[in-house]
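Secondary and tertiary structure notes
Residues per chain, in single letters:
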Amino acid sequence: MKTMELRLTVNGNPHTWTIAPGDLLLDVLRREGYFGVKRGCEKGECGACAVLVDGRLINSCLMFAAQAEGRDVVTIEGIAHDGRLDPIQEAFLDHGAVQCGFCTPGMVLSGKALLARCPHPTEEQVREALAGHLCRCTGYQKPVEAVLAAANGRKPRNGSQNGSRSRRKPAVEVLP
Ligand code: FES
Ligand code: FES
């Protein structure tokens, strides 16, 4: 099998990995132990595999690993610092925005990318930023509240309830 070397930085650490030219970034990251990068639909529909590449949110199931040559990749494993969770991670926990957690890494990274370019987003902007993520557990209201709270340094409201949101492009049917 033809192989090649991939040089990139993941969560601040430089790596040189041997890959096949057709390997997906999703597969290479998981092979190297970054299991916070989740394998969902593998079609760019669910957002579970999202990572930051040079600060941009990318579905790693749609990117060849070779395209990450020389780039800076951030996964969910890389956003806590000095033993402290990122404020968005804290907000997801505080607001009950995590249940099984499968969608959470992608949502948190989406929120992080949004706040990096727009520190004080509107609710509509947050909903737009999270629109590429499917969650089968919490609904979407709590993740939206969590990102808004992280932006504003707020703690959760008591009695906050799960809610729903409209998606521009429904990717899955939810069975009753
Ligand atoms: S696994 Fe990549 S978007 Fe669903
Ligand atoms: S928390 Fe389970 S899929 Fe979102």
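What counts and what doesn't
Residues numbered from 1 in each chain as written. Chains lettered and ligands numbered in written order. Predicted model: local features only at pLDDT ≥ 70, side-chain atom pairs only at ≥ 80, totals over all residues. Heavy atoms only, no water. Axes fitted to C-alpha atoms, helices over the stretch in contact; angles between N-to-C directions. Helix = DSSP H or I, 4+ residues; strand = E, 2+ residues; numbered from the N terminus. Parallel < 35°, antiparallel > 145°, perpendicular 65-115°, else oblique. Left-handed = near helix turned anticlockwise from the far one by under 90°. Contact = heavy atoms within 4.5 Å. Nonpolar A, V, L, I, M, F, W, Y, C, P; charged D, E, K, R; others polar. Phe/Tyr/Trp six-rings, centres within 6.5 Å; stacked < 30°, edge-to-face > 60°. Buried < 20%, exposed > 50% of the residue type's maximum accessible area, 1.4 Å probe, protein only. Salt bridge = Lys/Arg side-chain N within 4 Å of Asp/Glu carboxyl O. Pairing = 2+ DSSP bridges.

**Details of the packing of helix α4 (residues 123-130) against helix α5 (residues 141-152)**
- Across the interface, α4 lies against α5 with an axial gap of 10 Å and an inter-helix angle of 120°. If you check the angle between α4 and α5, you find them oblique. As α4 runs across α5, the sense of the crossing is right-handed. Residues E123, V126, R127 and L130 of α4 lie in contact with α5, whose contacting residues are Q141, P143, V144, V147 and L148.
- Of the residues in the contact of α4 with α5, the class split is 6 nonpolar, 1 polar and 2 charged.

**Some points on the packing of aromatic side chains**
- In this structure the tally under the stated criterion is 1 aromatic pair.
- Where W17 meets Y34, the ring centres are 6.4 Å apart and the plane angle is 50°; that geometry is what we call tilted. Separated by 17 residues along the polypeptide, W17 in strand β2 (residues 13-19) and Y34 in the loop between α1 (25-31) and β3 (50-53) bring together distant segments of the chain. An identical accessibility class is assigned to W17 and Y34; each is buried.

**Overview of the pattern of salt bridges**
- Under the criterion given, the structure shown has 8 salt bridges.
- For D86, the salt bridge is made with K112, and the minimal N-O distance between the two is 2.7 Å. Taken together, the positions of D86 in the loop between β5 (72-74) and α2 (87-94) and K112 in helix α3 (residues 104-117) put the pair 26 residues apart, joining distant regions of the chain.
- Look at D86 and you get buried, because its relative accessible area is 8%.
- A salt bridge links R127 to E123; its shortest N-O distance comes to 3.0 Å.

**A few points about the sheet that holds β2**
- Taken in spatial order, the 5 strands line up as β2-β1-β5-β3-β4 in an open sheet, and their pairing is mixed. The two strands at the open ends of the sheet, each matched to only one other strand, are β2 and β4 (56-59). Geometrically, the sheet is characterised by an average inter-axis angle of 40° between neighbouring strands, direction not taken into account.
- Pairing analysis gives 2 bridges linking strand β1 (residues 4-10) to β5, with the strands arranged parallel. Note that in β5 the partner of V10 across the bridge is V73.

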